[in-house]
Amino acid sequence: MRFLVNGSIAFDILLEHKGSFLSGIRADALQDLSVNYLAEGYRRHHGGTAANIGWTLALLGHTPVLAGAIGDDGQAYLALLRERGLDTSLVERRSDAVTATAIIATDASNRQMSFFHPGADGCAIFPDIKDEECAMAIMSPRNPSLILEGIRQCKAYGIPYVFDPGQVVHAFTKEQLLDAMNGCRCLVVNAYEWTLLEKILGMQEKRVAELASLLVITEGERGLRMMTPDKMLQIPPCMTSKMINPTGAGDALRAGLLHGLASGWSLEDTGRLGAILGCFVVEQEGTLLNALD
């Protein structure tokens, strides 16, 4: 199947702090926050939400069509994506910016703090997808205006879509979130993003599931919850004996959701596939899997 994957194409700088982020934070002094952590580990990888999700979809045997942008330093990365079977015909190439860069720090308890420089994505234009024949689309974190434009076009051209606001959920107004949820096939967030979404919307899970048809909340080591207007499923995590780095696990899980939803799988099997794919990613350094065996 063909899937439209709207999101970032980025370089990831992964930092590892062997202590706890909490050790440098005082809740009663947040207004004067000034903190530094030693990063004992450093890695630079290919990443970005669109690339991560699309890469895993390609491993599942599908053709992902990426809607994203690269800068003048991204040609080799684009060639790598094409070699792996991803359709990059809708990727915008910009010579006036660098490729987006994410700096993601993880502590010993797998808490994460990240910074994102949008680079080319910050000045990109969403392509016209009128002629794209896709089983489903996913609108994942990148420039918020491009997520909204992608959703507008999906609605206009009748393409079912998954809404994945991710770490930019706070950048949307309540009205924008409600419009994005209305008519989507699924809304997916992690546990922390859900707390932000719940605060902005002033709604509880059941009401959001009614608006979005399906609400998926990923909870890391606790697995994930899948809620429809009629039922709630708790999908257990896929256990691993080696936790290397959790970065990118959520994107692999989302590829599993797309595969299951578009294939007509049960919610249980769809959730289990997502959990398994996410588990594969945490067992390695970097977000792109070499294979699924």
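The coordinates are above.
As the structure is a prediction and not an experimental result, all values here were calculated from the model.

### Notes on the nonpolar core
With 39 residues, the main nonpolar core has L4, F163 and L187 as its most contacted residues. Among the elements that take part in this core, helix α3 (residues 144–157) stands out by supplying 4 residues, more than any other. Excluding residues within four positions of it along the chain, L187 makes contact with F163, P165, M181, L197, V208, A212, L214, L215 and V216. Core analysis: the second largest hydrophobic core is formed by 36 residues, L233, I235, A255 and A275 among them.

### What to know about the pairing of strand β1 (residues 2–6)
Of all 5 residues that make up β1, 4 are buried, and the element is covered over most of its length. For β1 and strand β4 (residues 63–67), the ladder comprises 5 bridges, and the chain directions are parallel. Considered in β4, the bridge of F3 is made with P64.

### Points about the environment of L15
Mapped onto the elements of the fold, L15 is located in strand β2 (residues 10–16). Spatially, the C-alpha atom of L15 lies 9.6 Å from that of S114, the residues being 99 residues apart in sequence. With sequence-adjacent residues up to four places away left out, L15 is seen in contact with A39, G41, Y42, I103, I104, A105 and T106.

Definitions and cut-offs
- Residues numbered from 1 in each chain as written.
- Predicted model: local features only at pLDDT ≥ 70, side-chain atom pairs only at ≥ 80, totals over all residues.
- Heavy atoms only, no water.
- Core = buried A, V, L, I, M, F, W, Y, C linked by side-chain atoms within 4.5 Å.
- Buried < 20%, exposed > 50% of the residue type's maximum accessible area, 1.4 Å probe, protein only.
- Helix = DSSP H or I, 4+ residues; strand = E, 2+ residues; numbered from the N terminus.
- Contact = heavy atoms within 4.5 Å.
- Pairing = 2+ DSSP bridges.

So far we have only geometry, and geometry alone does not tell us how the molecule works.
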